[in-house]
Amino acid sequence: MTTSSGPQARPARVLGTVDAVAIGAASMLGAGVFSVFAPAALGAGAWLPVAILIAGTVAYCNAVSSARLAARHPQSGGAYVYGRERLGELWGYLAGWSFVVGKVASCAAMALTFAAYVLPGWEKPLAVAAVVALTALNYRGLRRSTLVIKVLLGVVLAVLAAVVVTMLLSGRLAAVAEVDGLGPWPGSFGVLGAAGMIFFAFAGYARVATLGGEVRDPGTTIPRAILLSLGGVLALYLVVGTGLLIVLGRERLTTSTAPMIDAVLVAGFPWMVPVVAVGAAVASLGALLSLILGVSRTTAAMASDGHLPRSLAAVHERHGVPHRAEAAVAAVVVVLVLATDLRGAIAFSAFGVLVYYAITNASALRLGPDETRPPLLVPLTGLVGCVVLACSLPLPAVITGMAVLALGAGVWWLRERIAQR
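Remember, predicted model here, so these are calculated numbers, not experimental data. Counting restarts for each chain, with residues numbered from 1 along the sequence as it is written. Residue-level local features of this predicted model are given only where pLDDT is at least 70; pairs of side-chain atoms are given and counted only at 80 or more, and the full residue set underlies all totals for whole chains, interfaces and linings. Excluded from the side-chain calculation are hydrogens and water; included are all heavy atoms of the structure.

**A word on the overall build of the chain**
Here's step 1: A run of H or I in DSSP counts as a helix once it spans at least four residues, and a run of E counts as a strand once it spans at least two, with each numbered from the N terminus. In terms of helices and strands, the chain carries 16 helices and zero strands.
Here's step 2: When the 421 residues of the chain are sorted by exposure, 53% land in the buried category.
Here's step 3: Throughout, a residue-residue contact means that at least one pair of heavy atoms, one from each residue, lies within 4.5 Å. When contacts within the chain are restricted to residue pairs at least 6 apart in sequence, those whose partners lie at least 24 apart make up 81%.
Here's step 4: For the chain, the computed accessible surface area is about 17,700 Å², with 67% contributed by carbon and sulfur atoms. To sort residues, take the accessible area from a 1.4 Å probe on protein chains only and compare it with the maximum for the residue type: under 20% means buried, over 50% means exposed, and anything in between is partly exposed. Using a 1.4 Å probe, accessible areas were evaluated by the Shrake-Rupley method; residue-level cover was limited to the displayed protein chains.

Structure, rendered in structure tokens:
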């Protein structure tokens, strides 16, 4: 076993705008769109479209800040690197810690979504089996090509389009007038908490910002790809979320574990149920595969820097993967799957990822005028938005998230004290 690798060749600049947009959209269109609108509607009610717009705005600011920082700090690590270089060692560590914690919870949410659509009633055993199986695939050094990403994205878009068509054919969307306006204002915490939950479904957009070394003309392609992918996904979420709210109604939507399936049943198209289940399975398993791969590599990077046990940085000499980090991540995901429900996993994941991007925006504020700093309003809106949305999430998720964040800070402090002796 080795714990390091030699210099790697610089990736070829082979990706165009269409490729970058596909990668960005595919990173966002995972299991979130199949699961997040039910818990979000619980807080926002008929104001769900407003919550979607707020989440999309914060996501856009985060993506722009990430793109500017990635251009300045091209090495892998994201806000783990940005925070360390721009704000100090502790903030970089907390960014990496928040990313790992949030994305581990995302893995649990993806696995539970897969199980809820494929085998209702057996969610936890099937979710555990999915985590174990995909970890084994990653252990073998599996990689997803741009072509595979486009195919998976096409399948998910086709299923979502079919669901929208069935909702239109049900006639319920034409009866919008029956909905009593937007209903009573659910309160700021209701809408903002829902926006924080929906932010979970946008996570992944920053993947575009990390493509600087792989796209042609990155200065033009990356900003354009961020705008197109985020704008397209935002429009899709508005259509799907509003459609589910009208077709199912607030009460049924908030209690549904598989809202897309319930929507096609209410619309009178029961034969669509297997199609939707396949789409949800493809989306959630594809996202879970990428997440396990990404989180394990961030874990290994933190371990190699000494922020986590160094044994987790070991790379398998045959398959070239951080196998110990992957096994550790899978073990924690399995525990979360067994210990929490889908709504709890989404909220906890959203908290961790929002903290991560708050540090990203704070780092972008430290860019100098000669470092392609974004307009001040962008990182400032992103920073404030991330903090507000994180604090507006369900109270159990906020308390647990703050406790885990404090634990991370404590681990860092203890490590620093030991290193000074």
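**Some points on the nonpolar core**
Here's step 1: Throughout this description, the term nonpolar core refers to a set of buried Ala, Val, Leu, Ile, Met, Phe, Trp, Tyr and Cys residues connected via side-chain atoms within 4.5 Å. Grouped together as the largest cluster of nonpolar side chains are 133 residues, with contacts concentrated most on Phe34, Phe202, Tyr237 and Met260.
Here's step 2: Leave out the neighbours within four places in its chain, and Met260 touches Val33, Phe34, Tyr117, Leu160, Val163, Val240, Leu244 and Val276.

**Details of the side chain of Thr299**
Here's step 1: Position of Thr299 among the secondary structure elements: in helix α12 (residues 273–304).
Here's step 2: Not counting the four nearest positions on each side in its chain, Thr299 is found in contact with Val100, Leu308, Leu312, Ala325 and Val329.

**Considerations on the environment of Ile54**
Here's step 1: Its place among the elements puts Ile54 in helix α4 (residues 48–72).
Here's step 2: For the pair Ile54 and Ala194, spaced 140 residues apart in sequence, the C-alpha to C-alpha distance is 9.5 Å.
Here's step 3: Those residues in contact with Ile54 that lie beyond four places of it in its chain are Val191, Leu192, Ala195 and Leu389.

**Side note on the packing of helix α5 (residues 79–86) against helix α6 (residues 89–118)**
Here's step 1: Each axis is a line fitted through C-alpha atoms, taken for helices only over the stretch in contact, and angles between the N-to-C directions span 0 to 180 degrees. Axis separation between α5 and α6 bottoms out at 6 Å; the angle between their running directions is 165 degrees. Relative to α6, the element α5 is oriented roughly antiparallel. Between α5 and α6 lies a crossing whose hand is right-handed. In this structure, α5 contributes Ala79, Tyr80, Gly83 and Arg84 to the contact, and α6 contributes Glu89, Trp91, Gly92, Tyr93, Ala95 and Gly96.
Here's step 2: Ten residue types, Ala, Val, Leu, Ile, Met, Phe, Trp, Tyr, Cys and Pro, are classed as nonpolar, four, Asp, Glu, Lys and Arg, as charged, and the remainder, Gly among them, as polar. Across the contact of α5 with α6, the residue classes break down as five nonpolar, three polar and two charged. Angle categories are assigned with fixed cut-offs, so that under 35 degrees is roughly parallel, over 145 is roughly antiparallel, 65 to 115 is roughly perpendicular, and the rest are oblique. Here is the rule for handedness: rotate from the far helix to the near one, and if that takes an anticlockwise turn smaller than a right angle the crossing is left-handed, while a clockwise turn gives right-handed.

**A word on the environment of Gly306**
Here's step 1: By secondary structure assignment, the location of Gly306 is in the loop between α12 and α13 (323–339).
Here's step 2: Classification of Gly306 by relative accessible area gives buried; the value is 16%.
Here's step 3: The spatial distance from the C-alpha of Gly306 to the C-alpha of Trp412 is 9.9 Å, given a sequence separation of 106 residues.

**Quick look at the packing of aromatic side chains**
Here's step 1: Within 6.5 Å between ring centres, the rings of Phe, Tyr and Trp (the latter by its six-membered ring) count as paired, and their orientation is classed by plane angle as stacked under 30 degrees, edge-to-face over 60, tilted in between. Counted under the stated rule, the structure contains eight aromatic pairs.
Here's step 2: Here the aromatic rings of Phe34 and Tyr117 are separated by 5.7 Å at their centres, their planes lie at 85 degrees, and the arrangement is edge-to-face. A residue pair is termed long-range when its members are at least 10 positions apart, and Phe34 in helix α2 (residues 32–35) and Tyr117 in helix α6 qualify at 83 residues.
Here's step 3: Assessed through its relative accessible area of 3%, Tyr117 is described here as buried.
Here's step 4: Ring centres of Phe99 and Tyr356 lie 5.1 Å apart, and the angle between their planes is 45 degrees; this geometry places the pair in the tilted category.

**Quick notes on the pattern of salt bridges**
Here's step 1: Counted as salt bridges are all cases of a side-chain nitrogen of Lys or Arg within 4 Å of a carboxyl oxygen of Asp or Glu. For the structure shown, the criterion picks out two salt bridges.
Here's step 2: For Glu85, the salt bridge is made with Arg84, and the minimal N-O distance between the two is 3.4 Å.
Here's step 3: Between Arg250 and Glu251 there is a salt bridge, and its shortest N-O distance comes to 3.2 Å.
Here's step 4: You can call Arg250 partly exposed: its relative accessible area is 34%.

**Details of the packing of α12 against α13**
Here's step 1: It is at 8 Å that the axes of α12 and α13 come closest, and there the two elements cross at 120 degrees. When the axis of α12 is compared with that of α13, the two are oblique. Of the two possible hands of crossing, α12 and α13 adopt the one that is right-handed. Contact with α12, carried on its side by Val295, Ser296, Arg297, Thr299 and Ala300, involves Ala325, Glu326 and Val329 of α13 and no other residues of that element.
Here's step 2: For the contact of α12 with α13, a count of residues per class yields four nonpolar, two polar and two charged.

**Quick word on a nonpolar patch on the surface**
Here's step 1: Where nonpolar side chains cluster on the molecular surface, the patch consists of Leu376, Leu380, Val384 and Val388 and spans about 330 Å² of accessible area.
Here's step 2: Note on placement: Val388 falls in helix α15 (residues 377–392).
Here's step 3: Assessed through its relative accessible area of 34%, Val388 is described here as partly exposed. Exposure above 30% relative accessible area and no salt bridge define the residues that can form patches, which grow by joining like charges within 9 Å and nonpolar side chains of Val, Leu, Ile, Met, Phe, Trp and Tyr within 5 Å.

**A look at the environment of Gly92**
Here's step 1: The topology assignment puts Gly92 in helix α6.
Here's step 2: Distance from Gly92 to Thr360, taken between C-alpha atoms, is 9.4 Å for residues 268 residues apart in sequence.
Here's step 3: Once residues within four sequence positions are removed from consideration, Gly92 is found in contact with Ala79, Tyr80, Gly83 and Arg84.

**Thoughts on the confidence of the model for the chain**
Here's step 1: As a per-residue quantity, pLDDT reports the predictor's confidence and falls between 0 and 100. Model confidence for the chain is summarised by a mean pLDDT of 81, while 84% of its residues fall at 70 or above.
Here's step 2: Model confidence for the chain, summarised as mean pLDDT per element, is weakest for helix α1 (residues 17–28) at 76 and strongest for α15 at 94.
Here's step 3: Note that residues 1–12 has pLDDT below 50 and, in this model, 13 contacts with residues that lie over four places away or in other chains.

**Some remarks on α6**
Here's step 1: One fewer than the residue count of a helix, multiplied by 1.5 Å, yields its expected span. For α6, spanning 30 residues, the distance from its first C-alpha to its last is 44 Å, which sits close to the expected 44 Å at 1.5 Å a residue.
Here's step 2: Most of α6 is tucked away, with 26 of its 30 residues classed as buried.

**Topic: the side chain of Ser65**
Here's step 1: By secondary structure assignment, the location of Ser65 is in helix α4.
Here's step 2: Looking at Ser65, the relative accessible area reads 0%, which means it is buried.
Here's step 3: With residues near it in sequence (within four places) discarded, Ser65 still touches Thr360, Asn361, Ala364, Val378 and Pro379.

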